[in-house]
Every structure is written in C-alpha cells, then in structure tokens.
Amino acid sequence: MKLQFISCYKHTVIIIWLLLDTIPIFPQQQLVLPFEKGKSITSADTAYVHGLFAQADKIRGYNIDSTIVLLKTAQAYSLKANYPDGIGWSLLSLGIVYADKEDHKKSLAYLKTAGTYSKKMIFMKKERFTVLWYANMAIPYVQRALYDSALMYLIKGAELAIASRDTLMSISLNNRIAATWNNNGQYKNAIYYLKKAEQLSLAKKEKRFLPDIYNNFAINHWAMGDTFQLYFYANKALEITEQIEYRSEQKMATVLLANYYLALQHPDSAIIYLEKEQKLVGKGIPKDHFHINWGFSDAYHQLKQYDLALKHALKALNVVEKTKANSNSYTSFYQYLAKLYNDIGNYRNAYTFQLKYSQMNDSINKAERNLAIDRLEAQY
C-alpha cells in the first residue's frame, strides 16, 4: 500500500459551522436596519434563518440536494425579511455546496455575489465575512487545479485576517495555503506556511489547530521522502489528539503511521496502527474501510499470510465495486491485486487485474489531459 491512497490535500473547508458561531440569537425585539429606515427584523427572523443553516450543516455530508433547498429557503426568507447577514451567508454557503457538487459555474456565481454583501452586514464584522469569502472563493479553483488563482484568494484572506487581528482565521488560512501548495507539489512552500500556522497556534495557545498542522507537516515531509520527519510529526499529532479527543486528526495520524511502517516493511507495527484506525472509524464511510482493508492486506502480504491478505483485499475490492469509483488510489489498488494474485500463484486473476489497472490508468490519464486543457481555457 503506497502513500498515494492517502489524500494529500485535506479539504479543511471553512463552512457552515462558522455561521452557527457568528449569527447570534437575539432577545425578542425589533431591530431597525441602519441602511434602510423603516425596515426592521425580529429575533424570530434571525432564529429561523439560523435554524435553517443548522439543518443544512447536519445533512450536508450525505444529502447535498436537500442542503441546497434549505440554503435557498434561508436566502429567500432573508431577502423577504431584509436581513443582509442571512443573504450573504446563504450565498456564501450555496457557493461552497455547489463546489461540493463540482458545479464550478454556479459555485463561482454564488460566491462572487456573496462578496457584495460584506459591507452590508449588521451583526458581523465585515472583515470576518470578507476573510471567509476569500477563503471559500479558493475552493472551485482548487478543484479545477487552478492553484495560482486559489492561492491569490487565500493569501489575500490571510493578509486581511492578520490586519484585522483575526488569529483563528490566520491560523486556518495559513494551513489552507499550505494544503494548496502541497496539492501543487510545492512541498517546501507548504512547509513554510505550516510553520507560520504552527507559530500562531503556539503563541495564542490554540492547541486545537496543532494536530491538523502536524499531520500536514508529516504529509509534506513524506512526499519529500523524509520518513524521520513523517514519524516525528505524526506522533506529535497523535499525542495531542489523544489529549483533546480530536478523532478525525487522530485517525489521520494513525493512517500516516501505518503507512510509515508498511513502507519500512514492518507489517507487525503497521497492523497495530491499522487496528487503532479501525476502532476510530467504526462504521465510517466506504472509503475509510477501503483504505483500512488495503492496509491490512498489504501487511499480511508482507508477512506471507496470503489467506488473510486476500480476505482483506476482497473486502477493499467490494468497496470499489459498490462505489464504482474511478480514482488514482483505486486504480493503484488493481495493480496491487495483480501482484497479490501473482504471488499466490493465481495467474489468471493476476492478468485480469493487471488489465483492469491498465484500462483505468489510460482513462485517468485521458481525464487529466482534458483537465489540463480546461485549465488553459479558464486562464486564457
């Protein structure tokens, strides 16, 4: 199992959870808007919009279409109530959710319109909204691999966050900038911004950001072939996550350490971390179980326990077939299966999966060529 099955770009998207912290619930009263006399909004209006955002946040991970309906309802209600904060947040959130759907045209349209509401906010500082806007404007560009455009927005957001003394956003954006440089293969630049994020986190005693930062350090050093730094930072991340119960980053640290031991051909140690990851994932999402079972298969393959290796490989294959996915990691898994069957002596299946690997690899290369053409068209 190679590192490529770990996502090297972790989408730490700044999304609706921030709305819940920044849109307040007010005591029952009439609030006269400063920019249009005679119009007013009640706490019931703000609470209703706030509730729609909360519902959207709960279902976003598994029902995007319903999330869009909720956000459009929040937008329509905010327009009727003349509530600019609600309109701005609705537009911003719709831009992000359409990015989830990879509908880049709609995503950019909503995000650009959201930017016009930064000066109209009543209850939220315009600087905070603008910083969030810059951060999320980067998403559709990252998805289309237009990294220069994405970085332009992220860096502007980071500069404004520093100028407005918004430490939390400064940390988050430096981490996002690092992730974007990582995705572009510029690992030294990524490490530079991770150091900035780490320094801010330590200076402001914001320990909760450190696991994500340290895992990203580990990923970048691993990409540069520095296994010592991978081990060092993944362990630092794991140590902190165990203190503050940060499950998602604890899982990432165990994934990195399992990969570290598999790469060094220490399968017994890898199995320890894979078992930890399995407990953290629980039912989890299919992709998690794909990664875990591939890891177990690789470990038992190294131990020459072929029955167990094949058992876990078939569990991972079941995920691939159910999701009908077409990604680099799944393609590489077919290549791994070909080698496993070859070592077992089942040459027919070895040939079958080597052929599948070649076919999928050709398909992905074609898609990447098309993406490169799209990038050029978008830029020029």
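Residues numbered from 1 in each chain as written. Predicted model: local features only at pLDDT ≥ 70, side-chain atom pairs only at ≥ 80, totals over all residues. Heavy atoms only, no water.

Asks: Any chance you could break down the overall build of the protein for me, citing the residues and the numbers?
Replies: When helices and strands are tallied, the protein shows 17 helices and two strands. Within the protein, contacts between residues at least 6 apart in sequence are counted, and of these 61% link residues at least 24 apart. Carbon together with sulfur atoms contributes 51% to the accessible area of the protein, which is approximately 18900 Å² in total. (Helix = DSSP H or I, 4+ residues; strand = E, 2+ residues; numbered from the N terminus. Contact = heavy atoms within 4.5 Å. Areas by Shrake-Rupley, 256 points an atom, 1.4 Å probe, with all protein chains shown as cover.)

Asks: Break down helix α12 (residues 247-263) for me, with residues and values.
Replies: Counted at 1.5 Å a residue, the expected span for α12 with its 17 residues is 24 Å, and the 24 Å between its end C-alpha atoms agrees. In terms of residue burial, α12 counts as a mostly covered element, since 13 of its 17 residues are buried. Downstream of α12 by a residue or two, Gln265 has a phi angle that is positive, lying close to 60°. (Expected span 1.5 Å × (residues − 1). Buried < 20%, exposed > 50% of the residue type's maximum accessible area, 1.4 Å probe, protein only.)

Asks: Mind laying out unusual backbone geometry, listing which residues take part and the relevant values?
Replies: Unlike most non-glycine residues, Glu102 shows phi in positive territory, near 60°. Relative to the elements of secondary structure, Glu102 occurs in the loop between α4 (84-100) and α5 (104-115). Take Glu102: its relative accessible area is 56%, and that puts it in the exposed class. Its identity is not glycine, yet Lys205 carries a phi of approximately 55°, on the positive side. Position of Lys205 relative to the elements: it lies in the loop between α9 (187-203) and α10 (210-223).

Asks: Give me the packing of α5 against helix α6 (residues 126-143): which residues, what numbers.
Replies: Following both chains from N to C, one finds α5 and α6 inclined at 165°, their axes separated by 10 Å at the closest point. Comparing the axis directions of α5 and α6 gives the class roughly antiparallel. The crossing of α5 and α6 is left-handed. Residues His104, Ser107, Leu108, Leu111, Lys112, Ala114 and Gly115 of α5 form the contact with α6, whose own contacting residues are Phe129, Trp133, Asn136, Met137, Pro140, Tyr141 and Gln143. Partitioning the contact of α5 with α6 into residue classes produces eight nonpolar, five polar and one charged. (Axes fitted to C-alpha atoms, helices over the stretch in contact; angles between N-to-C directions. Parallel < 35°, antiparallel > 145°, perpendicular 65-115°, else oblique. Left-handed = near helix turned anticlockwise from the far one by under 90°. Nonpolar A, V, L, I, M, F, W, Y, C, P; charged D, E, K, R; others polar.)

Asks: Give me the nonpolar core: which residues, what numbers.
Replies: Grouped together as the largest cluster of nonpolar side chains are 106 residues, with contacts concentrated most on Leu92, Phe290, Phe333, Tyr334 and Leu337. If one sorts the elements of this core by residue count, α6 sits on top with 11 residues. Phe333 has contacts with Phe290, Trp294, Ala313, Ala316, Leu317 and Val320, leaving out every residue within four places of it along the chain. (Core = buried A, V, L, I, M, F, W, Y, C linked by side-chain atoms within 4.5 Å.)

Asks: Can you tell me about the pattern of salt bridges, naming the residues and giving the values?
Replies: Per the stated rule, a full pass over the model turns up five salt bridges. The partner of Asp288 in a salt bridge is Lys251, with the nearest N and O atoms 3.2 Å apart. With Asp288 in helix α14 (residues 286-302) and Lys251 in helix α12, this residue pair connects regions lying 37 residues apart in the sequence. Overall, Lys251 belongs to the partly exposed group, its relative accessible area being 23%. (Salt bridge = Lys/Arg side-chain N within 4 Å of Asp/Glu carboxyl O.)

Asks: Give me the lowdown on the confidence of the model for the protein, citing residues and values where you can.
Replies: In low-pLDDT regions, the fine details of the predicted coordinates are not to be read closely. On average, residues of the protein carry a pLDDT of 82, and 82% of them reach 70 or more. Here residues 1-38 is modelled with pLDDT under 50, and outside its nearest four sequence neighbours on either side it reaches 109 contacts, counting other chains as well. (pLDDT = per-residue confidence, 0-100.)

Asks: Can you tell me about the packing of aromatic side chains, naming the residues and giving the values?
Replies: For the structure shown, the criterion picks out 24 aromatic pairs. Residues Trp133 and Tyr134 carry aromatic rings whose centres are separated by 5.3 Å and whose planes lie at 55° to one another, so their mutual orientation is tilted. Note on accessibility: Trp133 and Tyr134 belong to one class, buried. Aromatic side chains Trp133 and Tyr153 sit 6.0 Å apart centroid to centroid with 85° between the ring planes, which places their arrangement in the edge-to-face category. On the criterion of sequence distance, the pair formed by Trp133 in helix α6 and Tyr153 in helix α7 (residues 147-163) is long-range, its members being 20 residues apart. For Trp133, a relative accessible area of 15% corresponds to the buried category. (Phe/Tyr/Trp six-rings, centres within 6.5 Å; stacked < 30°, edge-to-face > 60°.)

Asks: Lay out α10 in plain terms, naming residues and giving numbers.
Replies: A rise of 1.5 Å per residue sets the reference length of α10, with its 14 residues, at 20 Å; its end C-alpha atoms lie 20 Å apart and thus fit the reference within 8%. Burial analysis of α10 places 13 of its 14 residues in the buried class, which makes it a mostly covered element. Note on α10: the residue one or two positions beyond its end, Gly225, has a positive phi of about 85°.

Asks: I'd like a description of the side chain of Asn175, backed by residues and values.
Replies: Inspection of the secondary structure assignment puts Asn175 in helix α8 (residues 167-183). What makes Asn175 buried here is its relative accessible area of 6%. Here Asn175 is in contact with Leu194, Ala197, Asp212, Ile213 and Asn216, once residues within four sequence places are set aside.

Asks: Go over the environment of Trp89, please, and point to the residues and values.
Replies: Mapped onto the fold, Trp89 is located in helix α4. For Trp89, a relative accessible area of 1% gives the class buried. For the pair Trp89 and Ser118, spaced 29 residues apart in sequence, the C-alpha to C-alpha distance is 9.8 Å.

Asks: Let's hear about the environment of His221: which residues, and what values?
Replies: Among the secondary structure elements, His221 is positioned in helix α10. Owing to a relative accessible area of 11%, His221 belongs among the buried residues under this scheme. His221 sits 31 residues away from Ala190 along the chain, and the two C-alpha atoms are 9.9 Å apart. Contact partners of His221, with chain neighbours within four places excluded, come to Ile191, Asp226, Gln229, Leu230 and Tyr233.

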